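For reference, the chains in residue letters:
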Amino acid sequence: MKPISLRIKLTLSFLMVALFSLALVGLFANVFLGRQFENYATARLNQTISNTVEQVTDLYVRSGERWNVSSLDETGMSLLTDGLILRVADASGTVLWDAQVHNNGMCLRILENMAQNMQSYHANFQGGYEEQSFPAVVDGTAVGTVTVGYYGPYYFSDTDLQFLSALNRLLLIAGAISLAACILVGTFLARRLAKPITDVISATGKIATGDYRERLSPKENTAELTALSHSVNSLAASLEEQESLRKRLTADVAHELRTPLTTLQSTVEAMLDGVWTPSEEHLSSCREEILRLTKLVDELGTLARYESDTLALNCVLFDLRQLAAQTAQNCESDAQKKGVSLTVSGEKTTVFADRDKIGQVIMNLLFNALKFTPKGGSISLESKTEGNQAILSVRDTGCGIAPEDLPFIFERFYRADPSRNRDTGGSGIGLAIAQAIAKAHGGEISVKSTVDEGSTFTLALPNHQHSI
Ligand code: ADP
């Protein structure tokens, strides 16, 4: 089945909710209003009947303690137009005035009209002619009987029916207006909710085709949609960064290989052309370039090995401070030659790790510190335990690293300043190897640096000694 678009789904959902609530409101309004109106009609009928009895009794008093037929006729006819059939009898039971006798045709027509009204209101309305008799009491004495006939148990007049149908019409119009408003608001909201998702789809589509510059600017204040936009943006940013690193890596590899290969090519060609004799000097220069290339390939091989998931670590318990001191001692003569002071401090820091590989990490960090610290500078190594981590920091007062280079220095072949680094002989793999070893141990190397002030590289390893 073809999937339905989110916008249509949301619009349909809004519409269904609107229809359901309208149906519910309509049903309640109908039942509730109908009941209320029926109660009102019954109360009104009872009120009119008791008014009629009072009115007829009043006629007796006003006509001088007797009933005047002409005034009864006037009242009876006016009641008949209101749908009430009057009959008045005196104390002896003699009927003085009876609407049915007076105008039977009109009585029948009125009852028929009522029956029709009630059938139009309710097809199964159970009603018929009913009458109630009341004594006409003057000064505590019953002077006669007033009987009122009507269509019962209650009836709606023509005006009532008109009112009811006007009310129904109003309800229908209100319902139609709310439905239209629901459709409009629903469509608007569905579009608003679906828009950021369509934006994300179009952005991810572009990212999939390799356009990593695409970014979303979340205008929605819906938390989940804003979070979605942010994750797409950070995905694009990290892909863009990876892409630029990949390009730079290719350029760097080409650069690393080109220099020794060009030197080799020109030296060998010069010898072949007879410009140079294959003297020991020229041949050893060729060998140097070959060694440089071999070293590079070896380093790449080491890095690949350290980064592989299957790297076997030969972990033992040892003191990180002691290893740092030992490594520093090996570099002592180089430091002295360069006029850089080298100190080791800190507490005994026992760690469970591959001693040789951690030794290589310290060596790489120390070599870099030595390379980038000028005469008169200082390098200090400090070990400590912090929480459940063994920490070793290598601080130097060297040239420092520019903030824009800082995020990349652990990438292979990355050299903050290629021209300056050419003399140092590095190929930009040392830190990548050190980081790979730290990560293989579940640890990490971080760096803080200020240009012309120095850098601090911190190796943090998980300290498992308590669990051993
Ligand atoms: P390299 O073999 O070129 O030293 P690394 O991976 O060890 O390669 O270091 C990468 C880059 O990081 C270096 O080329 C240098 O620009 C910078 N860097 C590393 N350590 C330091 C340091 N202590 N001071 C200044 N820059 C450093």
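Every value quoted in this text rests on a predicted model; they were computed, and no experiment measured them. (Residues numbered from 1 in each chain as written. Predicted model: local features only at pLDDT ≥ 70, side-chain atom pairs only at ≥ 80, totals over all residues. Heavy atoms only, no water.)

## Things to note about the packing of aromatic side chains
- Inspection of the entire model under this criterion finds 9 aromatic pairs.
- Geometrically, the ring pair formed by Phe-37 and Tyr-40 is tilted, given 5.5 Å between the ring centres and 50 degrees between the ring planes. Taken together, the residues Phe-37 and Tyr-40, both in helix H1 (residues 6-62) and 3 residues apart, mark about one turn of the helix.
- Ring centres of Phe-37 and Phe-163 lie 5.6 Å apart, and the angle between their planes is 20 degrees; on these two criteria the pair is classed as stacked. Of this pair, Phe-37 sits in helix H1 while Phe-163 sits in helix H5 (residues 158-208); the two residues are 126 residues apart in sequence, bridging distant segments of the chain.
- Phe-37 gets classed as buried once you look at its relative accessible area, which sits at 11%. (Phe/Tyr/Trp six-rings, centres within 6.5 Å; stacked < 30°, edge-to-face > 60°. Helix = DSSP H or I, 4+ residues; strand = E, 2+ residues; numbered from the N terminus. Buried < 20%, exposed > 50% of the residue type's maximum accessible area, 1.4 Å probe, protein only.)

## Quick notes on the domain arrangement of the chain
- Looking at the chain, the domain boundaries give domain 1 (6-173) and domain 2 (312-462).
- For domain 1 versus domain 2, the separation of C-alpha centres amounts to 103 Å. (Domains from an automatic or database assignment.)

## Let's talk about the side chain of Thr-456
- Along the polypeptide, Thr-456 turns up in strand E11 (residues 454-462).
- A distance of 3.5 Å separates the side chain of Thr-456 from the side chain of Arg-395, its partner in a polar contact.
- Once residues lying within four places of it in the same chain are set aside, the contact partners of Thr-456 are Ser-393, Val-394, Arg-395, Ser-446, Val-447 and Lys-448. (Polar contact = N/O pair within 3.5 Å; in protein donor to acceptor, adjacent residues only side chain to side chain. Contact = heavy atoms within 4.5 Å.)

## Topic: the sheet that holds strand E3 (residues 128-138)
- Spatially, E2-E1-E4-E3 is the arrangement adopted by the 4 strands of the open sheet, whose pairing is antiparallel. Because the sheet does not close on itself, it has two edges, and the strands there are strand E2 (95-98) and E3. Across the sheet, the mean angle separating the axes of adjacent strands is 15 degrees when strand polarity is ignored.
- Bridge count for E3 against strand E4 (residues 141-152) is 11 bridges, and the pairing is antiparallel. From the neighbouring strand, Val-137 faces E4, where its bridge partner is Ala-142.
- Here helix H2 (residues 69-81) sits on the sheet and contacts strand E1 (85-90) and E2; the angle it forms with E2, its principal contact strand, is near 35 degrees.
- Sheet contacts for helix H4 (residues 104-121): E1, E3 and E4; angle to E4, the most-contacted strand, approximately 50 degrees. (Pairing = 2+ DSSP bridges. Axes fitted to C-alpha atoms, helices over the stretch in contact; angles between N-to-C directions.)

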